Amino acid sequence: MKKIFLSITTFFLALSLFALPGITSKINDQSGQFVYYKDSSFARESYFGILIYDEGTYGVRYYAPQVMDSYPVLPEKDIQILFTLDITKKYVDLTGERIITPVTPEDTDLINYLHDMIYELTAHRQKAGIVESVITLDQEYDQFGGIVKMTYDPLVPLFNLKTISDKKGTPVLSLVTSGRLTSSEDKHFSSFRGLPLKIEDSHSFTASKKIRKEKITYTKFETHSQKITLDNQWTRNAENMFLLDNVAIIAFDMYKQTPETSQDWNQQIELLKRSFTLGSLGAYPYCELSNHELKKNTEKFTNLIFNNDSKSFTKDFKILTKMEDGVYAILTMTVFQGAYSRNSKYFDNILKSYSAN
């Protein structure tokens with residue numbers, strides 16, 4: 001379980017933040033962040049992805065899996081382009097591009113499609129202004145049939161776009177997954193091949209009938225603590241970490257503002273929230289199944305994640321609590337989906353027992 005556990009990335013360092021031309025974002029983008037959308041305007045299963053390398057350098061990709069039940073069989077399509085743009089302009093002005101996958105003359109339309117998506121999605125995002133929270137706007141988009149509803153969310157990197165729906169309310173472009181590369185060797189973006197339709201996970205767990213509940217308290221700063229009720233089936237792996245057999249893990253942490261982080265503290269907290277929605281190291285969240293709840297000073301993030309290396313699924317919960325003096329407490333619980341689906345009440349009750357003050 002420790003191998004697939006996604007630890008909380010430490011963001012409280014000097015930041016390198018970027019944004020697409022002419023866009024002012026509540027949460028700026030970081031190098032390595034990417035998104036993938038399913039484009040239903042194609043007759044075959046098709047995905048559009050965009051990745052930010054650094055300020056002015058982006059990668060875009062069109063991917064369509066092989067279609068066996070057609071005649072002739074439709075081969076897999078994978079087209080990736082690396083491009084640079086003029087960061088002094090308030091609009092997309094490409095200054096260079098390099099196609100980094102093999103293409104044929106028949107791929108010209110798809111290459112043009114990738115160009116159009118860069119220009120059009122940027123232009124529509126500019127019209128939306130600063131996206132402070134989830135909003136849905138009516139915008140005209142000829143490629144998707146005229147007037148459409150575009151839903152934006154500041155937690156989504158790059159365009160902040162979640163879905164585009166036609167006049168009947170049917171999604172024509174929908175966010176599938178999002179992530180962040182961890183190094184120059186990370187193939188997380190280029191390896192995406194869509195997400196499994198069947199969510200099948202073989203991990204299991206049977207709660208003991210003879211359990212002894214135990215109240216756990218974790219204190220990082222003298223004035224604050226995190227509390228949760230576990231039982232004797234859990235074992236302590238570290239001061240702030242507990243394991244349940246090989247199916248679940250719970251971790252605690254706290255962060256507070258320091259002189260080194262005071263200048264961009266609010267931005268770092270927003271980046272931390274966004275990180276809770278992103279996959280990494282071969283893990284892809286099902287963005288369409290994600291949930292974000294806000295109650296007073298507490299935010300709960302729930303994700304279902306496909307782990308490509310192990311071909312397994314995990315349920316990931318993160319609870320972020322802001323306390324009176326600006327200290328933030330974080331609880332992470334990650335459970336293999338097979339164990340969670342058969343024992344959801346057990347795990348949900350553990351989450352309900354959690355508090356931070």
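Residues numbered from 1 in each chain as written. Predicted model: local features only at pLDDT ≥ 70, side-chain atom pairs only at ≥ 80, totals over all residues. Heavy atoms only, no water.

**Notes on the overall build of the chain**
Part 1 of the argument: Counting its secondary structure elements, the chain contains four helices and 22 strands.
Part 2 of the argument: Seen through its principal axes, the chain has C-alpha atoms that stretch 65 × 50 × 40 Å.
Part 3 of the argument: By residue count, 53% of the 357 residues in the chain fall in the buried class.
Part 4 of the argument: Pairs at least 24 residues apart make up 55% of the contacts formed inside the chain by residues separated by at least 6 positions. (Helix = DSSP H or I, 4+ residues; strand = E, 2+ residues; numbered from the N terminus. Buried < 20%, exposed > 50% of the residue type's maximum accessible area, 1.4 Å probe, protein only. Contact = heavy atoms within 4.5 Å.)

**Some words on the environment of Ser 355**
Part 1 of the argument: Structurally, the position occupied by Ser 355 is in strand S22 (residues 355-356).
Part 2 of the argument: With relative accessibility at 29%, the residue Ser 355 sits in the partly exposed group.
Part 3 of the argument: For the pair Ser 355 and Lys 227, spaced 128 residues apart in sequence, the C-alpha separation works out to 5.3 Å.

**A closer look at the sheet that holds strand S4 (residues 47-54)**
Part 1 of the argument: Across the sheet, which stays open at both edges, the nine strands sit in the order S7-S6-S5-S4-S3-S11-S10-S9-S8 with antiparallel pairing between neighbours. If you trace the sheet from one side to the other, it starts and ends with strand S7 (94-99) and strand S8 (135-141), each paired once. Averaged over all pairs of adjacent strands, the angle between strand axes in this sheet comes to 20°, irrespective of strand direction.
Part 2 of the argument: The strands touched by helix H1 (residues 108-128) are strand S3 (33-39), S4, strand S5 (57-64), strand S6 (77-85), S7, S8, strand S9 (146-152), strand S10 (161-165) and strand S11 (171-180); relative to S8, the strand with the most contacts, the crossing angle is about 130°. (Pairing = 2+ DSSP bridges. Axes fitted to C-alpha atoms, helices over the stretch in contact; angles between N-to-C directions.)

**Digging into the confidence of the model for the chain**
Part 1 of the argument: Of all residues in the chain, 95% attain a pLDDT of 70 or more, and the chain-wide mean is 92.
Part 2 of the argument: Every residue in residues 2-14 scores below 50 in pLDDT, and together they form 36 contacts with partners more than four places removed in sequence or on other chains. (pLDDT = per-residue confidence, 0-100.)

**Re helix H4 (residues 344-352)**
Part 1 of the argument: Where H4 is concerned, the buried positions are Tyr 346, Phe 347, Ile 350 and Leu 351. The arc enclosing the buried residues of H4, seen along the axis, measures out at 135°, which places them on a common side. Turned more than 90 degrees away from the buried face of H4 sit Lys 345 and Lys 352, all of them exposed. (Arc of directions from axis to C-beta.)

**Here's the deal with the pairing of strand S20 (residues 312-322)**
Part 1 of the argument: The element S20 is extensively covered by neighbouring structure, given that ten of its eleven residues are classed as buried.
Part 2 of the argument: Pairing between S20 and strand S21 (residues 328-336): nine bridges, direction antiparallel. Note on S21: the bridge partner recorded for Thr 314 is Phe 336.
Part 3 of the argument: Counted along the chain from S20 to the antiparallel partner S21, the turn is five residues long, and its residue Gly 326 has a positive phi close to 85°.

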